[in-house]
Amino acid sequence: MKDWQGVCKGMVTGMVLGGFIALPAQAQAQAEDAGIRVIQGGPAYFNMGLGAFNAAGVSPGVGKNNATLPEVDLEYQSGAKLFGIGSVYGIVANTDGGFMGYTGFYTDIAWHHWILTPVLAMGGYHQGRGKQLYGTFQFRLELSLDYQFANQSRFGLKIAHISNAFIKKQDPGEDEILLNYSMPISWGEHQQED
């Protein structure tokens, strides 16, 4: 059963990675008429999220340290992008002393004032008194849907998942849900490019 779950998670991870690579070009070519576009440039963003760590949909952890906890997520998204893909750096921390520092890649897909942002990252996890995730090295997947205001700030909802992707014998994983606010960081004049 464990092997089957590992194969399924591996397939999903492979599809996400493949989509991440192919998505910007396909989205730009196929969806221009519908008003959907990949944002190629613009300002960097500082994101702040408040939500719940270990919120739902994960298998139970070992012992009593498997509670849903309040958390905060702080994230920097670079303004410089290559083929619509930029870099991201962040830290997420819960109230039981657990935290994860991470780095990875993101892209922004815009439809009118709505921005969909997938993130693929990896980093180091410290358990604190919280949930055992079996290993320091973990992967992080995020998906946020935000409304972008006229001043380019954004507000919306983010879901995220931390997992060791079965590089260890056990992979309980954890899921998060957060309210997310993103403010543009400008060191001079930036114009959003399509």
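The model shown is predicted, which means the values in this text are computed figures rather than measured ones. (Residues numbered from 1 in each chain as written. Predicted model: local features only at pLDDT ≥ 70, side-chain atom pairs only at ≥ 80, totals over all residues. Heavy atoms only, no water.)

1. Side note on the overall build of the protein
Next up, step 1: The helix and strand tally for the protein stands at one helix and ten strands.
Next up, step 2: Going from the N terminus to the C terminus, the protein shows its helices and strands as α-β-β-β-β-β-β-β-β-β-β.
Next up, step 3: Buried residues in the protein amount to 40% of all 194 residues.
Next up, step 4: Nonlocal contacts in the protein, meaning residues at least 24 apart in sequence, comprise 59% of its contacts between residues at least 6 apart.
Next up, step 5: Just so you have it, the protein exposes about 10300 Å², and 66% of that area is on carbon and sulfur atoms. (Helix = DSSP H or I, 4+ residues; strand = E, 2+ residues; numbered from the N terminus. Buried < 20%, exposed > 50% of the residue type's maximum accessible area, 1.4 Å probe, protein only. Contact = heavy atoms within 4.5 Å. Areas by Shrake-Rupley, 256 points an atom, 1.4 Å probe, with all protein chains shown as cover.)

2. Focus: the pattern of salt bridges
Next up, step 1: Under the counting rule described, the total for this entry stands at nine salt bridges.
Next up, step 2: Measuring nitrogen to oxygen at the nearest pair gives 3.6 Å for the salt bridge that ties lysine 158 to glutamate 75. Note that lysine 158 is positioned in strand S9 (residues 154-163) and glutamate 75 in strand S3 (residues 69-82), a separation of 83 residues in sequence. A single burial state applies to lysine 158 and to glutamate 75, both of which are buried.
Next up, step 3: With its nearest N and O atoms 2.9 Å apart, the salt bridge here joins glutamate 176 to arginine 140. On the criterion of sequence distance, the pair formed by glutamate 176 in strand S10 (residues 174-185) and arginine 140 in strand S8 (residues 137-148) is long-range, its members being 36 residues apart. Per residue, the accessibility class of glutamate 176 equals that of arginine 140, and both read buried.
Next up, step 4: Several salt bridges converge on common partners, so that one network encompasses Asp73, Glu75, Arg140, Glu142, Lys158 and Glu176. (Salt bridge = Lys/Arg side-chain N within 4 Å of Asp/Glu carboxyl O.)

3. Re the environment of phenylalanine 155
Next up, step 1: As for its position among the elements, phenylalanine 155 is in strand S9.
Next up, step 2: For phenylalanine 155, the residues in contact, after removing those within four places along its chain, are Asp146, Tyr147, Phe149, Leu179, Asn180 and Tyr181.

4. Section: unusual backbone geometry
The general pattern is negative phi for most residues beyond glycine and trans for most peptide bonds.
Next up, step 1: Despite not being glycine, phenylalanine 83 shows a phi value in the positive range, around 55°.
Next up, step 2: Relative to the elements of secondary structure, phenylalanine 83 occurs in the loop between S3 and strand S4 (85-94).
Next up, step 3: For glutamine 152, which is not glycine, the phi torsion reads 75° and is therefore positive.
Next up, step 4: With respect to the helices and strands, glutamine 152 occurs in the loop between S8 and S9.

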